[in-house]
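Overview (structure and organization)
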Amino acid sequence: MTHWTLAGTPITSRLLLGTAHYPSPQVLADAVQASDTQVLTVGLRRLQPEHGGGNAFWQRVRALGCHVLPNTAGCHDAQEAITLAQMARELFDTPWIKLEVIGDDYTLQPDPFGTLEAARVLVREGFQVLAYTTDDLVLAQRLHEAGCAAVMPWAAPIGTGRGPQNPYALQTLRARLPDAVLIVDAGLGRPSHAALVMEMGFDAVLLNTAVAQAGDPVRMARAFAQAVDAGRLAFEATPMGERQTAQASTPTLGMPFWHQA
Amino acid sequence: MTEVSMNGRALQTPAATLAELLQQQGYEAQAAMACAINRQFVPRAQWPSCALHPGDRIDVIAPVTGG
């Protein structure tokens, strides 16, 4: 399988996987293996001393041998996200950060202004910023120009599993940002959703709930991995153009039973 | 005694530094955790020298699952 480059790192898998909401740590580990992912997202939350530190979870994640992508989930302004990113960099010893600045708690729609403000600061501080955003073209352009390692538009609100709500907007992003690393980050629910955006030419997808909350997360992880690969292969193969009218596949020349009157 | 807020809970502490406070509160020194005071990141290397002030808001965070 050919590799691509994410934040300066060569990677073969085009599926990034979240670590939340699995039925058990073992199911998470099995799903990671089934997905062939090489990038896992993790979060950061307050630690109470009686919980003994975050070592147990962190050791389990490290044992999976993937690159770790910490997020700033739950932050509501640029300063919160910047501080959490700095804490994550020390804790996980990585400059990678999945930047999330939430603007609306009901839809979890990112705050475009806070996201861009934080992205500019974090890029200046040497972070490899993977910015969660909507499918707004101009914001994606600004994030790319700010030096984000990846721009990550949603397909639908986080955790909804509704699939691409505005395929036209996603196609436009791909067309207008041909040199950016674009990863569809939220709202995918089925492997066909992943295949669809990969056929558009997106560089990768980031999933969590669609795998973790499936009836069988391990089999679903494998299904998504195959869909992502199929979608990418289809993009590289250039799908045929659509036609308005039917065109027979079987040659008409030599059709039996036809005789000149 | 200094009155501070730690992970959203008010407390009075005799600790003079962040490192002392963490120890007094029962945090394991080698735990996978990171700290901020008043929404500003405090690198681990600075914990022993980071003086506490009345009203400081301290956050201690650790890795959790996430998407």
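Each remark here, short or long, concerns the structure printed above.
Our subject in this report is the structure included herewith.

Rules used throughout
Residues numbered from 1 in each chain as written. Chains lettered and ligands numbered in written order. Predicted model: local features only at pLDDT ≥ 70, side-chain atom pairs only at ≥ 80, totals over all residues. Heavy atoms only, no water. Core = buried A, V, L, I, M, F, W, Y, C linked by side-chain atoms within 4.5 Å. Buried < 20%, exposed > 50% of the residue type's maximum accessible area, 1.4 Å probe, protein only. Helix = DSSP H or I, 4+ residues; strand = E, 2+ residues; numbered from the N terminus. Contact = heavy atoms within 4.5 Å. Buried area = accessible area lost by both parts, 1.4 Å probe. Salt bridge = Lys/Arg side-chain N within 4 Å of Asp/Glu carboxyl O. Polar contact = N/O pair within 3.5 Å; in protein donor to acceptor, adjacent residues only side chain to side chain. Nonpolar A, V, L, I, M, F, W, Y, C, P; charged D, E, K, R; others polar. Pairing = 2+ DSSP bridges.

**Looking at the nonpolar core**
- Counting 68 residues, the largest nonpolar core has Val129 and Val205 of chain A as the members making the most contacts within it.
- Among the elements that take part in this core, helix H3 (residues 78-92) of chain A stands out by supplying nine residues, more than any other.
- Excluding anything up to four places from it in sequence, Val129 of chain A contacts Ile97, Leu99, Ala119, Leu122, Val123, Cys148, Ala149 and Ala150 of chain A.
- Formed by 20 residues, the second largest nonpolar core is a distinct cluster that contains Ala15, Cys35, Ile58 and Val60 of chain B.

**Looking at the interface of chain A and chain B**
- Contacts between the two partners involve 33 residues from chain A, matched on the other side by 28 residues from chain B.
- Three residues, Arg46, Met87 and Glu90 of chain A, lead the burial of chain A against chain B; their summed loss comes to 25% of the area buried on that side.
- Along the contact surface separating chain A from chain B lie three salt bridges.
- In this structure, the connection of chain A to chain B is made through 18 residue pairs in polar contact (both at pLDDT 80 or more).
- Contributing elements (two or more residues each) for the side of chain A that touches chain B: strand S4 (39-46), helix H2 (55-63) and H3 of chain A.
- At nine residues, H3 of chain A tops the list of elements feeding residues into the side of chain A that touches chain B.
- For the side of chain A that touches chain B, the per-class residue count stands at 12 nonpolar, 14 polar and seven charged.
- In terms of strand pairing, S4 of chain A meets strand S5 (residues 57-65) of chain B through five bridges, oriented antiparallel. For Arg45 of chain A, the partnering residue across the bridge sits in S5 of chain B and is Ala62 of chain B.

**Considerations on the pattern of salt bridges**
- Enumeration over the complete set of coordinates arrives at nine salt bridges over all chains.
- Among the ionic pairs, Glu80 of chain A bridges to Arg39 of chain B, the shortest N-O distance being 3.1 Å. Note that Glu80 of chain A is positioned in helix H3 and Arg39 of chain B in the loop between strand S3 (34-37) and strand S4 (40-42), a pairing that runs across two chains.
- Its salt-bridge partner being Arg174 of chain A, residue Asp203 of chain A comes within 2.8 Å of it at the nearest N-O pair. In this pair, Asp203 of chain A is assigned in the loop between helix H7 (191-199) and strand S12 (204-207) and Arg174 of chain A in helix H6 (residues 167-176), connecting sequence segments 29 residues apart.
- Shared partners join several salt bridges into a network, and the residues in it are Asp77 and Glu80 of chain A together with Arg39 of chain B.

**Quick look at unusual backbone geometry**
- Residues other than glycine seldom take positive phi values, yet Asp36 of chain A does so here, at roughly 65°.
- The residue Asp36 of chain A is located in the loop between helix H1 (25-35) and S4 in this model.
- Positioned with a positive phi, Asn38 of chain B is a non-glycine residue whose angle comes to about 50°.
- Tracing the backbone shows Asn38 of chain B in the loop between S3 and S4.

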